[in-house]
Amino acid sequence: MILKISIFNFLFLISVIPISFLLEGIRRKIMARMQNRIGPPIWQPFYDIIKLFEKGDSDSSANENILFKIMPMIYFITTFSLFLFIPFPIISFQLDFILFIYIFILSGAVYIMLGVVSNSPYGYIGSMRDIYLMLCYELIFAITIFTFIISADIQSLSYFNESWMILKLPIASVCLFFITLVETRITPYDTVEAYTEIIGSVETEFSGKSLAFFELSKNLKLTFFIFLISMLLFGFKDLIMFSLSCLVILLALIFTEATTCRYRLDQTFRILIIVLFFAVFELIRINFIMW
Amino acid sequence: MHDFKLPIGPHHAAIDEPSCLRVSMDGNYIVEASLRLGYAHKGIEKLLEGKRIEQGLHIVDHICGICSVAHPSCYVMTIEKMLNYEPTPRVNYIRTLVSELGRIQSHIFWAGFMLHEIGFETMFAYFLRDREHVLEILERLTGNRVHFAIHKVKTVRNDIDNDDINFIKKKLDELEKNIFTYFRTVENDKVIKARLVDVGIISKRMARHYSLVGPIARACGIPIDIRKNYPYEAYKEVDFNIITKKDGDAFSRMLVRMDEIIESIKIIKQIIKNMPEGIIPQFTPIVIKDGMEIGIVEAPRGENFHLIKIKDGKIDRARIRPPTFNFMSIFTKLLEGREIGDVPVILASMDPCYACMERVVVIKNGSTEVMTGDDFKNKYI
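Remember, it's a predicted structure, so these values are computed and weren't measured experimentally.

**Examining the overall build of chain A**
When its secondary structure is counted, chain A shows 12 helices and 2 strands. Along chain A, helices (α) and strands (β) appear in the sequence β-α-α-α-α-β-α-α-α-α-α-α-α-α when read from the amino end. In terms of overall dimensions, chain A is globule-like: its C-alpha atoms have a radius of gyration of 19 Å, near the 19 Å expected for 291 residues. With respect to the principal axes defined by its C-alpha atoms, chain A has extents near 55 × 45 × 45 Å. For chain A, the proportion of its 291 residues judged to be buried stands at 44%. Sequence-distant contacts in chain A: of pairs separated by 6 or more residues, those separated by 24 or more amount to 80%.

Shown next as structure tokens:
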């Protein structure tokens with residue numbers, strides 16, 4: 001196991017949280033502009049989190065449960081630890097992408113636990129929906145990552161040096177984009193967090209510091225996926241080009257969110273099954289046909 | 001998760017007005033649903049009792065914020081029937097103009113809200129932006145943006161001039177330019193179709209059985225429209241079609257309402273073209289004899305019914321039955337067997353307006369009082 005602590009990588013790791021706020025701020029602003037609104041200032045997410053940390057605990061009956069208090073923190077830690085691997089790895093060893101996929105799924109599992117411990121019917125339904133969809137999307141995520149790793153012929157994420165993989169693996173790239181929409185709860189696949197159906201599901205009961213950790217993790221997850229797509233699909237090593245590609249991906253996500261409405265649970269599941277089929281197809285294809 | 005009970009309301013993001021819907025769920029599907037109302041009850045009928053006609057009009061104006069033309073229009077029509085008075089053509093035209101503008105703003109708001117329910121926030125924002133054109137016209141004509149209060153017995157409060165007509169023309173053109181684009185989007189968007197088609201299907205037979213009215217009945221293929229069937233105001237003199245669709249699902253209701261916006265624009269264009277010359281009569285105090293009369297108008301949501309009984313120059317009894325009253329009986333039936341994600345879609349597709357609808361049910365000896373026709377006559381006539 002190699003612990004790569006170059007100053008750049010370390011600085012990048014600690015600046016991930018401000019970057020995630022910035023991306024969220026840009027997202028809100030552009031979204032508002034697309035919807036003919038003025039929108040909040042770009043630094044609004046900073047204010048939101050600071051305000052939430054100053055607030056007290058929830059009065060929910062779930063508050064007696066210790067898990068209700070510590071689970072948001074665990075969710076935050078698991079989500080944050082994903083940045084140890086991408087885009088500029090700090091930890092690297094042989095087959096480290098298996099641990100990476102494991103931590104990713106753990107983060108999803110903690111999200112489900114959050115719904116269960118919150119003792120709210122909406123939380124239960126949100127968790128149920130997430131379990132239902134997880135059967136598909138975590139599998140697709142793992143298969144897609146394997147496809148990229150096999151195609152690049154490497155044994156650790158830190159050796160990932162390819163660029164413009166989007167041209168080499170177009171189907172896997174599209175699959176990764178689908179997973180991003182499902183995981184970051186962006187329409188048309190925000191079924192798990194459907195605000196007008198089950199009032200945001202899992203986060204319904206949370207308030208104060210717990211909600212702050214929750215929001216933080218949500219921002220981090222969006223940032224994580226933007227970095228992941230940027231790294232795997234475009235693979236720019238230059239920091240300026242990397243930032244530009246991140247912004248392009250963010251714009252694509254915002255555009256998708258602004259121009260679609262939400263699918264129902266069964267419809268989302270049916271589409272994910274098709275995506276799973278394509279992900280498997282791509283994994284098989286790279287062993288026989290390469291271009 | 002068998003027999004898992006989920007409360008939807010009174011405070012819920014999916015419903016705009018307070019109501020408590022409890023659904024029993026088996027897995028992800030609804031087994032049965034029960035609706036409890038009474039959170040927006042204002043006692044309008046009781047408030048009206050003992051009031052003079054002019055005072056009553058002021059109360060009726062404030063029944064609802066969205067149907068704020070339909071209720072005063074119906075009330076004034078009922079009183080005028082009782083007085084055997086036929087308003088001048090110009091007054092009729094102005095009333096029709098405001099009615100149709102009210103219908104457009106209600107339908108546009110509804111269409112935006114429906115898309116908001118299925119997560120299409122951008123369209124919601126765009127619809128509200130274009131509703132602003134209609135509200136600006138109404139503000140210029142009546143001075144108000146929500147409760148227009150333009151109706152008066154025998155007359156209207158404001159006259160309109162040529163500048164107003166030019167303003168209406170300009171604003172309608174702007175509205176029309178966008179509405180067709182939105183209409184095409186709604187018609188062709190695959191995700192919207194996936195959410196709305198075959199959801200909340202009401203058959204033609206069922207619609208007759210539950211005596212549904214308005215756009216919901218028209219979406220089932222029943223050509224029912226008070227404007228055509230019992231013309232009032234200036235509807236005899238304008239040319240328009242009753243929009244009907246066959247399928248009876250949420251998507252047909254959407255299409256019917258979108259088409260009706262276009263029909264209403266057509267009506268307004270005819271009205272401002274053929275507006276009769278002259279001045280509107282001055283308002284004079286009303287002297288009214290005892291009696292009882294009914295009036296019906298086509299509100300944005302369907303047939304709106306008013307019954308008014310006058311005794312000693314004051315209102316003795318008023319009965320108001322808004323269109324939402326008819327829909328609520330079928331609503332819980334439609335939910336059975338559907339998914340939880342369909343609840344907001346079905347509820348919004350009915351376009352309920354609880355503020356209009358909430359009335360008191362008389363309970364005697366612990367059970368609901370049901371009256372026969374004779375009992376009703378003895379008690380109220």
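**Quick notes on the overall build of chain B**
When helices and strands are counted, chain B shows 15 helices and 10 strands. The C-alpha atoms of chain B give a radius of gyration of 21 Å, which matches the 21 Å a tight globule of 381 residues would have. Principal axes of the C-alpha set define a box for chain B whose edges measure 65 × 60 × 35 Å.

**Points about the packing of helix α4 (residues 89-117) of chain B against helix α11 (residues 250-273) of chain B**
Residues and elements named next belong to chain B. Across the interface, α4 lies against α11 with an axial gap of 9 Å and an inter-helix angle of 155°. Classified by the angle between their axes, α4 and α11 sit roughly antiparallel to one another. Of the two elements, α4 crosses α11, and the hand of that crossing is left-handed. Contacts between α4 and α11 involve Tyr93, Thr96, Leu97, Glu100, Leu101, Arg103, Ile104, His107, Ile108, Trp110, Ala111 and Met114 from the first element and Met254, Arg257, Met258, Glu260, Ile261, Ser264, Ile267, Ile268 and Ile271 from the second.

**Focus: the environment of Pro231 of chain B**
Note on placement: Pro231 of chain B falls in the loop between α10 (226-229) and α11. C-alpha of Pro231 of chain B to C-alpha of Glu358 of chain B: the two residues are 127 residues apart in sequence and 28 Å apart in space.

**Notes on the sheet that holds strand β3 (residues 29-36) of chain B**
Within a sheet, each strand pairs with its neighbour through backbone hydrogen bonds, oriented either parallel or antiparallel. All names here are of chain B. Read from one edge of the open sheet, 3 strands run β1-β2-β3, paired in antiparallel fashion. The sheet is open, and its two edges are formed by β1 (4-8) and β3, each paired on a single side. Taking each pair of neighbouring strands and ignoring which way they run, the sheet shows an average axis angle of 20°. Taken together, the 5 bridges between β1 and strand β2 (residues 20-26) define a ladder with antiparallel strand orientation. By the bridge assignment, Lys5 is partnered in β2 with Ser24.

**Things to note about helix α2 (residues 53-61) of chain B**
All names here are of chain B. Listed as buried for α2 are Ile53, Gly56, Leu57 and Val60. Taken end-on, α2 shows its buried residues confined to a sector of 105°, consistent with a single buried face. In this fold, the buried residues of α2 make contact with α1 (44-48), α3 (70-83), β4 (151-152) and β8 (314-321).

**Remarks on the environment of Ile94 of chain B**
Residues and elements named next belong to chain B. Residue placement: Ile94 occurs in helix α4. In this structure, the C-alpha to C-alpha distance between Ile94 and His116, residues 22 residues apart in sequence, is 33 Å. For Ile94, the contacting residues outside a window of four places in its chain are Val156 and Ile160.

**Brief notes about the sheet that holds strand β7 (residues 302-311) of chain B**
Residues and elements named next belong to chain B. Taken in spatial order, the 3 strands line up as β6-β7-β8 in an open sheet, and their pairing is antiparallel. The open sheet has two edge strands with one neighbour each: β6 (291-299) and β8. Neighbour-to-neighbour, the strand axes of this sheet turn through a mean angle of 15°, independent of strand direction. Judged from the 7 bridges that link them, β7 and β8 form a sheet pairing that is antiparallel. Following the sheet pairing, Ile308 is matched in β8 by Ala318.

**Focus: the interface of chain A and chain B**
Facing 24 residues of chain A, the contacting portion of chain B comprises 24 residues. Looking at the side of chain A that touches chain B, the elements that each hand over two or more residues are α6 (121-152), α9 (195-198), α11 (239-259) and α12 (265-288) of chain A. For the side of chain A that touches chain B, the element with the most residues is α9 of chain A, which contributes 4 residues. Of the residues that constitute the side of chain A that touches chain B, the class distribution is 12 nonpolar, 7 polar and 5 charged.

**So, helix α12 (residues 324-335) of chain B**
For α12 of chain B, spanning 12 residues, the distance from its first C-alpha to its last is 17 Å, which sits close to the expected 16 Å at 1.5 Å a residue. After α12 of chain B finishes, the residue Gly337 of chain B shows a positive phi value of roughly 85°.

**Quick notes on the pairing of β6 of chain B**
Residues and elements named next belong to chain B. Judged from the 9 bridges that link them, β6 and β7 form a sheet pairing that is antiparallel. The residue bridging Glu298 from the neighbouring strand is Glu303, located in β7. Counted between consecutive antiparallel strands, the loop separating β6 from β7 contains 2 residues.

**Some words on the nonpolar core**
In terms of nonpolar packing, the biggest core is built from 116 residues, with Met254 and Ile346 of chain B touching the most fellow members. Sort the elements by how many residues they give to this core and α4 of chain B lands first, with 13 residues. In this structure, Ile346 of chain B is in contact with Val199, Gly200, Ala250, Leu334, Leu335 and Arg338 of chain B, ignoring residues within four places of it in sequence. Grouped together as the second largest cluster of nonpolar side chains are 64 residues, Cys136, Phe148, Leu220 and Leu253 of chain A included.

**Topic: the environment of Thr142 of chain B**
All names here are of chain B. Within the secondary structure, Thr142 is located in helix α5 (residues 121-142). Note: C-alpha distance between Thr142 and Ile79 (63 residues apart in sequence) is 22 Å. Here Thr142 is in contact with Val98, Phe148, Ala149, Ile150 and Asn158, once residues within four sequence places are set aside.

**Some points on the pairing of β2 of chain B**
What you see with β2 of chain B is a clean split: Leu21, Val23 and Met25 of chain B sit on the buried side and Cys20, Arg22, Ser24 and Asp26 of chain B on the side with no burial. Joining the antiparallel neighbours β2 of chain B and β3 of chain B is a turn of 2 residues, in which Gly27 of chain B adopts a positive phi near 70°.

**Looking at the packing of helix α2 (residues 16-34) of chain A against α11 of chain A**
Residues and elements named next belong to chain A. The N-to-C vectors of α2 and α11 enclose an angle of 45°; their axes lie 10 Å apart at closest approach. By the angle between their axes, α2 is oblique relative to α11. The interaxial crossing formed by α2 with α11 has right-handed handedness. Residue-level inspection shows Leu23, Ile26, Arg27, Ile30, Met31 and Met34 of α2 in contact with α11, the latter providing Leu250, Ile254, Glu257 and Ala258. Partitioned by chemical class, the residues of the contact of α2 with α11 number 8 nonpolar, no polar and 2 charged.

**Structural notes on the confidence of the model for chain A**
With 97% of its residues at a pLDDT of at least 70, chain A reaches an overall mean of 86. Ranking the elements of chain A by mean pLDDT puts strand β1 (residues 2-3) of chain A last with 72 and α2 of chain A first with 92.

Rules behind the numbers
- Position numbers for residues count from 1 along each chain, tracking the sequence in the order it is written.
- Lettering of chains starts at A and numbering of ligands starts at 1, both following the order in which they are written.
- Where local features are concerned, this predicted model is filtered to residues with pLDDT of at least 70; where side-chain atom pairs are given and counted, the filter is 80 or more; whole-chain, interface and lining totals use all residues.
- Each helix corresponds to a stretch of at least 4 residues labelled H or I by DSSP, and each strand to a stretch of at least 2 residues labelled E; elements are numbered beginning at the N terminus.
- Between the two quantities, the radius of gyration covers C-alpha atoms and the globule rule is 2.2 Å times the number of residues to the power 0.38.
- Here the C-beta atoms are placed from the backbone, and a residue counts as buried if at least 20 other C-beta atoms lie within 10 Å of its own, exposed if 12 or fewer do, and partly exposed otherwise.
- In this description, any two residues whose backbone-derived C-beta atoms lie within 7 Å of each other are considered to be in contact.
- Interaxial angles span 0 to 180 degrees and are taken between N-to-C directions of axes, which are lines fitted to C-alpha atoms, for helices over the stretch in contact.
- These descriptions rest on fixed angle ranges, namely under 35 degrees for roughly parallel, over 145 for roughly antiparallel, 65 to 115 for roughly perpendicular, and the rest for oblique.
- In this scheme the crossing of two helices becomes right-handed for a clockwise turn of the near helix relative to the far one and left-handed for an anticlockwise turn of less than a right angle.
- By this definition, two strands are paired if DSSP reports at least two bridges between them.
- By arc we mean the arc of the directions from the helix axis to the C-beta atoms, nothing more.
- Three residue categories are used. Nonpolar comprises Ala, Val, Leu, Ile, Met, Phe, Trp, Tyr, Cys and Pro, charged comprises Asp, Glu, Lys and Arg, and polar comprises the others, including Gly.
- Helix span is expected to be 1.5 Å times the residue number reduced by one.
- Think of a nonpolar core as buried Ala, Val, Leu, Ile, Met, Phe, Trp, Tyr and Cys residues chained together by C-beta atoms that fall within 7 Å.
- The pLDDT value tells you how sure the predictor is about a given residue, anywhere from 0 up to 100.

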